[in-house]
Amino acid sequence: MTNLFTKSNILRLLAPLIVFGLLYLGWQWVALNLKSILPPFGNITAEFLDRPGFYFSNLWVTVQAALIGFAIGGISAIVLAILMVYFDFLRAAIIPVALLLNVTPIVAISPALIVAFGFNAIPHIIVAGLAAFFPMLINAMSGLRAVEKETLDVFNAMSANRTEIFFRLRLPGSLPYLFSGAKLSITAAMVGSVVSEFMGTSKGIGATIVMATTFLNLNQMWVAIFLSAVTSLVLIGVVSLVEKALIRW
Amino acid sequence: MQSSRIVLHKLSKTYKRGDSEVRALVDVNATFEEGEFITLFGPSGCGKTTLLRIIAGLESQSEGDISLFGNSPAQASRLKNIAWVPQSSALLPWLSIRNNVLLSEFVNKRADRIVGSTRKAEDPDEVLADLGLADFKAALPAQLSGGMRQRAAIARGFVQGAPLMLMDEPFSALDELTRDSIRLRLLDVWEKHRKTVVFVTHSAFEAVMLSDRVVVMTPRPGRIHSIVDINLPRPRTREVLESREFEEKVREVKHILREGWGQDE
Ligand SMILES: Nc1ncnc2c1ncn2[C@@H]1O[C@H](COP(=O)(O)OP(=O)(O)OP(=O)(O)O)[C@@H](O)[C@H]1O
Ligand SMILES: [Mg+2]
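This is a predicted model, so every value here is computed, not measured. (Residues numbered from 1 in each chain as written. Chains lettered and ligands numbered in written order. Predicted model: local features only at pLDDT ≥ 70, side-chain atom pairs only at ≥ 80, totals over all residues. Heavy atoms only, no water.)

Before going further, it helps to spend a moment on the overall build of chain B. From N to C terminus, chain B includes 10 helices and 9 strands. If one aligns the C-alpha atoms of chain B with their principal axes, the spans along those axes are about 50 × 45 × 40 Å. In chain B, which comprises 265 residues, the share counted as buried stands at 55%. Across chain B, contacts joining residues at least 24 apart in sequence account for 72% of those joining residues at least 6 apart. For chain B, the computed accessible surface area is about 11,800 Å², with 46% contributed by carbon and sulfur atoms. Positive and negative side-chain charges in chain B, numbering 37 and 36 respectively, have mean positions lying 5 Å apart. (Helix = DSSP H or I, 4+ residues; strand = E, 2+ residues; numbered from the N terminus. Buried < 20%, exposed > 50% of the residue type's maximum accessible area, 1.4 Å probe, protein only. Contact = heavy atoms within 4.5 Å. Areas by Shrake-Rupley, 256 points an atom, 1.4 Å probe, with all protein chains shown as cover. Lys, Arg positive; Asp, Glu negative; His and termini not counted. Charge placed at Lys NZ, Arg CZ, Asp CG, Glu CD.)

Attention now goes to the packing of aromatic side chains. Residues and elements named next belong to chain A. Taken as a whole and assessed by the stated rule, the structure comprises 16 aromatic pairs over all chains. Centroid distance Trp 27 to Phe 226: 5.8 Å. Interplanar angle 40 degrees. Geometry classified as tilted. Of this pair, Trp 27 sits in helix H1 (residues 7–33) while Phe 226 sits in helix H10 (residues 218–246), and the two are 199 residues apart along the sequence. Judged by centre distance (4.9 Å) and plane angle (85 degrees), the rings of Phe 166 and Phe 167 are edge-to-face. (Phe/Tyr/Trp six-rings, centres within 6.5 Å; stacked < 30°, edge-to-face > 60°.)

Looking now at the site of ligand 1. All names here are of chain B. In the vicinity of ligand 1 lie 14 residues, with Ser 44, Lys 48, Thr 49, Thr 50 and His 202 positioned nearest. Here an oxygen atom of ligand 1 and a side-chain polar atom of Lys 48 are 2.7 Å apart. Looking at the shell around ligand 1, the elements with two or more residues in it are strand S1 (5–17), strand S2 (20–33) and helix H1 (48–56). Per-element tally for the shell around ligand 1: the top contributor is H1, with 3 residues. (Near = heavy atom within 4 Å. Polar contact = N/O pair within 3.5 Å; in protein donor to acceptor, adjacent residues only side chain to side chain.)

The subject of this paragraph is the side chain of Thr 231 of chain A. Residue and element names in this part refer to chain A. Among the structural elements, Thr 231 can be located in helix H10. Here Thr 231 falls in the buried class, since its relative accessible area comes to 11%. In this structure the side chain of Thr 231 is engaged in a polar contact, spanning 2.6 Å, whose partner is the backbone oxygen of Leu 227. The residues touching Thr 231, leaving out its near neighbours within four places in the chain, are Leu 59, Val 63 and Met 190.

Another point: the interface of chain A and chain B. At the interface, 19 residues of chain A touch 23 residues of chain B. The largest contributions to the chain A side of the interface with chain B come from Met 158, Arg 168 and Trp 249 of chain A, which together make up 34% of the buried area. Here Arg 53 of chain B makes a salt bridge to Asp 153 of chain A, at a shortest N to O gap of 2.8 Å. Only helix H7 (149–157) and helix H8 (162–196) of chain A provide two or more residues apiece to the side of chain A that touches chain B. Among the elements that take part in the side of chain A that touches chain B, H7 of chain A stands out by supplying 8 residues, more than any other. Looking at the side of chain A that touches chain B residue by residue, the classes come out as 8 nonpolar, 4 polar and 7 charged. (Buried area = accessible area lost by both parts, 1.4 Å probe. Salt bridge = Lys/Arg side-chain N within 4 Å of Asp/Glu carboxyl O. Nonpolar A, V, L, I, M, F, W, Y, C, P; charged D, E, K, R; others polar.)

Set out below in structure tokens:
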């Protein structure tokens, strides 16, 4: 109990609080003096409390697409990373494609996906999945290859087979990397999902933001922005909890 | 007769890097008896690790033959008859010490069904107790000191129950005091199980203290200069280690190295 109030703990709590406080004051100053730029916080909160159902139902659409995209993109990245560890040909073939994918503004593919798949959830899931794919691929690859040579020697000296080396060494050893990847991926999927909703849909947090722009409803816009940011934080938090439960070393 | 021995016959190893070649080992001949404690002693780059890796089947020789009690290194490895103790402890951080030590029982299960397989795993609890780790069976490697982790790595080697243990400078990362006590522990456990050990070291003191015979190697190209008998009594008690004979042996081994190497260190 007593060490809750150590100097470093207070600092860790206080420092960000001060920054947030200053940001809040700055925000309110702008909101009061330049009304067209930022709405005051009170108005944003009021807007949210006025119709939480509207926001949560839209948020759920976005989160759903993000989670499905994260699952598909993340899992395919892991599977591909595993194959790439074992097949040099695949590694050589896929890395350039993955790099190309990484530099392509994935959101810009959105219109093409809408043309191809229509006005439904699929284009948004694909954008989220593509966004989630790359960070997971890179982390999974590093994790699966980050095996200490000396440990590998111990396994090889007793003729452990590939499957054993994979399940007893590579996979558990890569878990910390997979979780770092997952935290990046899930954020990327969330951003992908939101931004892809700027087009071709009337549902989701992204669509809510666009709608707010058309009606110059600053309050609605900022509620949507804050909600998506908070949601990303919560998703990262959930991944961290699973990580803590699974990695105890 | 040969099948109770380790025979190295005209071994050589050349590493090719582009145009340049490194002759890591040239014409290595030696015979080690079953149950002997052998050390490979020599300066950096004389091919100790290379030789040990070739014996383990982790590396292949360029020329020559090896017989490990009648088997090739690959065959012996397939039977789990080679225990490898590396320089770092190389424990798996997510497994308890007890499970780490039991690694040989989790992998290559086919070896235990091969006809003629004589390897029998030792009791992990007993080996851990002998190495002073009885209270740390459930601990994770990160909770142990460097010296304890190294003892766990040695325990893993003994638990495998392989007739041959290969150790590449397993104590080099430890401080002098820790090294001192861990050497004695190693000898205790070894006296009990009497595996054939090939142990690599830079230290003449360590070589003499542990071995029945010291293989003195010299670099450029790596070769065996001579093999020195260490006919000091066992067990190697503090008394033995503080005797004149012991000091003389250490001096002799150092002298032989200097003479063969033609260099003042
Ligand atoms: N994989 C490799 N490729 C090329 N050259 C190598 C390789 N491994 C070792 N060598 C060379 O072979 C020679 C012997 O190396 P080795 O590691 O066996 O020596 P060592 O006696 O174990 O040295 P140290 O005491 O420093 O561990 C050295 O000249 C080294 O540079
Ligand atoms: Mg070496």
